[in-house]
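# Topology and contacts: notes
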Amino acid sequence: FANSLADIPSPDPNGTAEDRVVAIAKRRVNRNPYATRMPEPSFVEAAMASAHEHLHVHAIADQDMRNKITDVLMQSRLRAFSNPAFRAEMAQYKRNNNTRDGVGITGATMGFSTFFSYLAPFVIRHANIMKYIYATEARLLKNQTPLFLIIATRGVTIDDWIQTGRCMQTILLEAQKY
C-alpha cells in the first residue's frame, strides 16, 4: 500500500491512451491529505485536452475562487445528506471491506476499518454524516487542494453524463501517470 502517489510506478507521462490502459492496473486510492503542490503543467494540459465540443474542463487555481466553490459544494453536500431518501440510496451502494460483490463502494475507499465498513451502511442511512465531517472536508479542499478541475457540459442528457464520466476516467488515469 503506497503512502503517496510518488511511491507508485507510472507509465511515461508523455505517453498515449495505451498508457492509460496500463494505469488502470496500477491505480491506487488513499485517504491521505492531498499534496499541496500544484500538479505538473503537462498533467493539467492533458486534463484540459480531454474536453470536446460539448464538454469543457476548467482549471481553477485562484484561492478565492476555490474557497467560494468549496462553500457551495459543502452546502450542497450538507443539503443532499439531510435527505433520508438520498442517504438510503447511498447506503445501498456501500459495501464492507470483505465483499465479493462487483458493484458498490467498499469502506476501504473511504479509509474505513473492516469493522466500521460493516456499520457504514447503517450509519449513512440514519445520520447526516456531513454534519460530522463538514469542517474536515472543507479544510481539505480549501487548504490542501491547490487546483480544482471542473468538468462542465452544455446539456443534461444521458449522453452528456456518460461523456462526463468518460472524461473523468480519462483525467483520473492521466493523473495516475504522475
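Broken down by element type, the protein carries seven helices and four strands. When the helices and strands of the protein are listed from N to C terminus, the series reads α-α-β-α-α-β-β-α-α-β-α. Classification of the 178 residues of the protein by burial places 25% in the buried group. For the protein, the proportion of contacts with a sequence separation of at least 24, taken over those separated by at least 6, is 70%. Accessible surface, the protein as shown: approximately 11,700 Å² in total, 58% of it carbon and sulfur.

With 14 residues, helix α6 (residues 130-143) ought to run about 20 Å at 1.5 Å a step, and its terminal C-alpha atoms sit 18 Å apart, in line with that. Listed in full, the buried residues belonging to α6 are M130, E137, A138, L140 and L141. Those residues of α6 that are buried lie in contact with α3 (63-81) and β4 (148-153).

In this structure the tally under the stated criterion is three salt bridges. Here K142 and D71 are joined by a salt bridge, their closest N and O atoms 2.8 Å apart. Here K142 is found in helix α6, whereas its partner D71 is found in helix α3, with 71 residues between them in sequence. Its relative accessible area of 24% is what places K142 among the partly exposed residues. Notably, a salt bridge pairs R77 with E137, separated by 3.1 Å at the nearest N-O pair.

Let's shift gears to the nonpolar core. Residues F43, V44, A47, L55, V57, L147, C167 and I171 constitute the largest nonpolar core, which totals eight residues. Counting residues per element, the ones that place at least two in this core are α2 (41-49), β1 (55-60) and α7 (158-176). Per-element tally for this core: the top contributor is α2, with three residues. When sequence neighbours within four positions are dropped, the list of residues in contact with F43 reads L149, I171, E174, A175 and Y178. Core analysis: the next-biggest nonpolar cluster, separate from the first, contains seven residues, M74, F81, A138 and L141 among them.

A few words now on the environment of F122. Inspection of the secondary structure puts F122 in helix α5 (residues 114-126). F122 gets classed as exposed once you look at its relative accessible area, which sits at 55%.

Let us now look at the packing of aromatic side chains. Applying the stated rule across the entire model yields two aromatic pairs. Residues F81 and F86 carry aromatic rings whose centres are separated by 5.1 Å and whose planes lie at 90° to one another, so their mutual orientation is edge-to-face. Classification of F86 as partly exposed rests on a relative accessible area of 28%. Taken together, a centroid distance of 4.8 Å and an interplanar angle of 85° make the contact between F112 and F116 edge-to-face. Using a relative accessible area of 24% as the deciding quantity, one classes F112 as partly exposed.

It is worth spelling out the packing of helix α4 (residues 84-93) against α5 at this point. At a minimum axis distance of 7 Å, the contact between α4 and α5 shows a crossing angle of 170°. In terms of orientation, α4 lies roughly antiparallel with respect to α5. From α4, R87, A88, M90, A91 and Q92 reach across to α5, where they touch P121, I124, R125 and H126. Counted by class, the contact of α4 with α5 contains five nonpolar, two polar and two charged residues.

A surface patch of nonpolar side chains, about 260 Å² in accessible area, is lined by Y93, V103 and I105. The topology assignment puts I105 in strand β3 (residues 105-106). Overall, the relative accessible area of 38% leaves I105 in the partly exposed class.

Conventions and cut-offs
- Sequence order as written defines the numbering, with residues in each chain counted from 1.
- Local features are withheld for residues below a pLDDT of 70 in this predicted model, meaning they are given only at 70 or higher, and side-chain atom pairs are given and counted only at 80 or more; totals for whole chains, interfaces and linings count all residues.
- To obtain the side-chain values, all non-hydrogen atoms of the structure were included, while hydrogens and water were left out.
- Numbered from the N terminus, helices here are DSSP runs of H or I no shorter than four residues, and strands are runs of E no shorter than two.
- Here the term buried applies to any residue with accessible area under 20% of the maximum for its type, exposed to any over 50%, and partly exposed to those in between, with areas from a 1.4 Å probe on protein chains only.
- Two residues qualify as a contact provided that any one of their heavy atoms is within 4.5 Å of a heavy atom in the partner residue.
- Only the protein chains shown count as covering a residue, and every accessible area follows the Shrake-Rupley method with a 1.4 Å probe.
- Expected span of a helix: the number of residues minus one, times 1.5 Å.
- Salt bridges are defined by distance alone: a side-chain nitrogen of Lys or Arg within 4 Å of a carboxyl oxygen of Asp or Glu.
- In this description, a nonpolar core means a group of buried Ala, Val, Leu, Ile, Met, Phe, Trp, Tyr and Cys residues linked to one another through side-chain atoms lying within 4.5 Å.
- Put simply, two rings from Phe, Tyr or Trp (the six-membered ring, in Trp's case) pair if the centres are within 6.5 Å, and we call them stacked under 30 degrees between planes, edge-to-face over 60, tilted for the rest.
- Orientation is described by axes fitted as lines to C-alpha atoms, over the contacting stretch for helices, and by angles from 0 to 180 degrees between their N-to-C directions.
- Any angle from 65 to 115 degrees is called roughly perpendicular, while one under 35 is roughly parallel, one over 145 is roughly antiparallel, and all others are oblique.
- Classification used: nonpolar for Ala, Val, Leu, Ile, Met, Phe, Trp, Tyr, Cys and Pro, charged for Asp, Glu, Lys and Arg, polar for all others including Gly.
- Candidates for patches are residues over 30% relative accessible area with no salt bridge; among them, like charges are joined within 9 Å and nonpolar side chains (Val, Leu, Ile, Met, Phe, Trp, Tyr) within 5 Å.

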